Each structure stands twice: as structure tokens, then as C-alpha cells.
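Analysis of the macromolecular model
So the chains spell out like this:
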Amino acid sequence: MNSTAVYTEPTNRIKQRILFDDNLQNMACCCANWSEFTQEIEEWGIYKLGGVDFDDLTEFDIQTLDLFIKAENGYIREEV
């Protein structure tokens, strides 16, 4: 393993990818939770973000991403 490599949690990589892409961020603002968000972007042919496949996420990751999508929806603003 490379000792200078920086490991970023999968959920943080997904959150960063959403925040750096205006289209994804706009979609996150329209969705109520992670499930709804993935359903919408899968219609665009997107099945992974930040190198993380949606099928590889754990229940904890999904709960964290639900909170993030809710925050993007304007209810709460979360710092990443």
C-alpha cells in the first residue's frame, strides 16, 4: 500500500462528486432521500459515483447519504 495515499470513505467520495457536479447537485436538491436520488440518476445511466458502485454501499452508508440528500434538499445544510 502506498503510504502517501489518502483514503477517503466511500460516502465522502460520493458526497464530493455530487457537490462538484452542478447537474448532480441540482438533482439532489429535488430528491427526498438517497433511494430517490439513485433512481433518478440511474435513468441517466449512472450506477456509481466517485468510483463507488451503488450496490456496494452498506446500511450505514445509505443512512449517511439519506441525511446528506435531505440536507441538499434545503431542510438542513450539512458541511462536507
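This structure is a prediction, so every number in the text was calculated from the model and none was measured. (Residues numbered from 1 in each chain as written. Predicted model: local features only at pLDDT ≥ 70, side-chain atom pairs only at ≥ 80, totals over all residues. Heavy atoms only, no water.)

In this section: helix α3 (residues 34–42). Of the positions making up α3, those classed as buried are W34, F37, T38 and I41. Projection of α3 onto a plane perpendicular to its axis shows the buried side chains occupying an angular sector of 95°, all on one side. Lining the buried residues of α3 we find α1 (10–20), α2 (22–30), β1 (48–49) and α4 (59–72). The opening residue of α3, the one whose side-chain oxygen lies 3.2 Å from the backbone nitrogen of S35, is N33. (Buried < 20%, exposed > 50% of the residue type's maximum accessible area, 1.4 Å probe, protein only. Helix = DSSP H or I, 4+ residues; strand = E, 2+ residues; numbered from the N terminus. Arc of directions from axis to C-beta. Contact = heavy atoms within 4.5 Å. Polar contact = N/O pair within 3.5 Å; in protein donor to acceptor, adjacent residues only side chain to side chain.)

What follows covers the packing of aromatic side chains. Applying the stated criterion across every chain yields a total of two aromatic pairs. Their ring planes at 90° and their centres at 5.4 Å tell us that W34 and F54 sit as a pair that is edge-to-face. In this pair, W34 sits in helix α3 while F54 sits in the loop between β2 (52–53) and α4, placing the two residues 20 residues apart along the sequence. Like F54, W34 is buried. The rings of W34, F37 and F54 are connected pair by pair, giving a single aromatic cluster. (Phe/Tyr/Trp six-rings, centres within 6.5 Å; stacked < 30°, edge-to-face > 60°.)

Within the largest apolar cluster, 16 residues are counted, with the highest numbers of intra-cluster contacts made by I14, I18, W34, F37, I41, L49 and I69. Secondary-structure elements contributing two or more residues to this core are α1, α2, α3 and α4. (Core = buried A, V, L, I, M, F, W, Y, C linked by side-chain atoms within 4.5 Å.)

Where side chains of opposite charge bring their charged atoms close, a pairing between them can arise. Scanning the model with the defined rule gives one salt bridge in all. A salt bridge links R17 to D21; the shortest N-O distance between them is 3.4 Å. Look at R17 and you get partly exposed, because its relative accessible area is 35%. (Salt bridge = Lys/Arg side-chain N within 4 Å of Asp/Glu carboxyl O.)

What follows deals with the packing of α1 against α2. Running from N to C, α1 and α2 point in directions that differ by 105°, and their axes come no closer than 5 Å. Relative to α2, the element α1 is oriented roughly perpendicular. Of α2, the residues touching α1 (which contributes R17, I18, L19 and F20) are D22, L24, Q25 and A28. Class assignment of the residues belonging to the contact of α1 with α2 gives a composition of five nonpolar, one polar and two charged. (Axes fitted to C-alpha atoms, helices over the stretch in contact; angles between N-to-C directions. Parallel < 35°, antiparallel > 145°, perpendicular 65-115°, else oblique. Nonpolar A, V, L, I, M, F, W, Y, C, P; charged D, E, K, R; others polar.)

Glancing now at α1. Taken together, the buried positions of α1 are T11, I14, K15 and I18. Within α1, the buried residues cover an arc of 100° as seen down the axis, which keeps them to one side. In this structure, the buried residues of α1 make contact with α2, α3, β1, β2 and α4.

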